[in-house]
Amino acid sequence: MTTTAAGSARFAGEGNSRLLAGKLEMPGLGLAVVDRPRVAALMDRATSHRVTLVTGPAGAGKTVACVSWAAGRMAAASAGRQRARLTAWLTVDAADREPARFWSYLAGALASTGAISPDQAERLTGNGPYRSGPETARDLLSALEQAASPVTLVLDDVHQLAGSDVVAGLDE
């Protein structure tokens, strides 16, 4: 399952590699994924909170749990058993410690789901003067308040941002 849509390609600059599409795609699930209904139920309850942190040692299955949960919610919404919920995905790496890069990718992830328009993403993070992380975060939150469906944002490998200026914006 990929979350990349035509809008994010436009925001990414029609293939000019401004954004790496793979960072905005939810990883696929392998064939042998164990159903974990208790974990899915915990994650369902967690969506009522503004922020949920899924932690564990490397290899514990955090990413698989998030992908499984998101895929299950999309399937339930498609079958009419649950309200649709958009899931934006961003796989963070060490280069994302640079604020302008991080906020561009975050806006791209949100645009890829339709939570914000590509034009909004461009205005919020585009070619103008660099704005602070907290200012960009506030503007992104304001844009998300207008989204037609609730939005879940998954920041995979968010530990890569520890100690960076990006964290101040995320605190918003």
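Up top is the structure.
Quick caveat, the model's predicted, so the values are computed rather than measured.

Even without being a glycine, Asp157 presents a positive backbone phi close to 65°. As for its position among the elements, Asp157 is in the loop between strand E2 (151–156) and helix H7 (166–170).

A few words now on the packing of helix H4 (residues 99–113) against helix H6 (residues 133–144). One way to put it is that H4 packs onto H6 with a least axis distance of 11 Å and a crossing angle of 5°. With respect to H6, the axis of H4 lies roughly parallel. Each of Trp103, Leu106, Ala107 and Leu110 in H4 lies in contact with H6, whose residues at this interface are Gly133, Thr136, Ala137, Leu140 and Leu144. For the contact of H4 with H6, the per-class residue count stands at 7 nonpolar, 2 polar and no charged.

This part is about the packing of H4 against helix H5 (residues 118–125). Contact geometry for H4 and H5: axes closest at 9 Å, N-to-C directions at 170°. Taken together, the axes of H4 and H5 lie roughly antiparallel to each other. On H5, the residues that touch Trp103, Ser104, Ala107 and Ala111 of H4 are Pro118, Ala121 and Thr125. Its residues assigned to classes, the contact of H4 with H5 shows 5 nonpolar, 2 polar and no charged.

In this structure, Leu90, Phe102, Leu106, Ile116 and Leu140 are the most contacted members of the largest nonpolar core, which totals 21 residues. Looking at this core, the elements that each hand over two or more residues are strand E1 (86–91), H4, H5 and H6. Take this core: its biggest share by element is 8 residues, from H4. Among all residues touching Leu90, those that are not within four sequence positions of it are Lys23, Leu24, Phe102, Tyr105, Leu106, Ala109, Val154, Leu155 and Asp156.

Rules of the game
Residues numbered from 1 in each chain as written. Predicted model: local features only at pLDDT ≥ 70, side-chain atom pairs only at ≥ 80, totals over all residues. Heavy atoms only, no water. Helix = DSSP H or I, 4+ residues; strand = E, 2+ residues; numbered from the N terminus. Axes fitted to C-alpha atoms, helices over the stretch in contact; angles between N-to-C directions. Parallel < 35°, antiparallel > 145°, perpendicular 65-115°, else oblique. Contact = heavy atoms within 4.5 Å. Nonpolar A, V, L, I, M, F, W, Y, C, P; charged D, E, K, R; others polar. Core = buried A, V, L, I, M, F, W, Y, C linked by side-chain atoms within 4.5 Å. Buried < 20%, exposed > 50% of the residue type's maximum accessible area, 1.4 Å probe, protein only.

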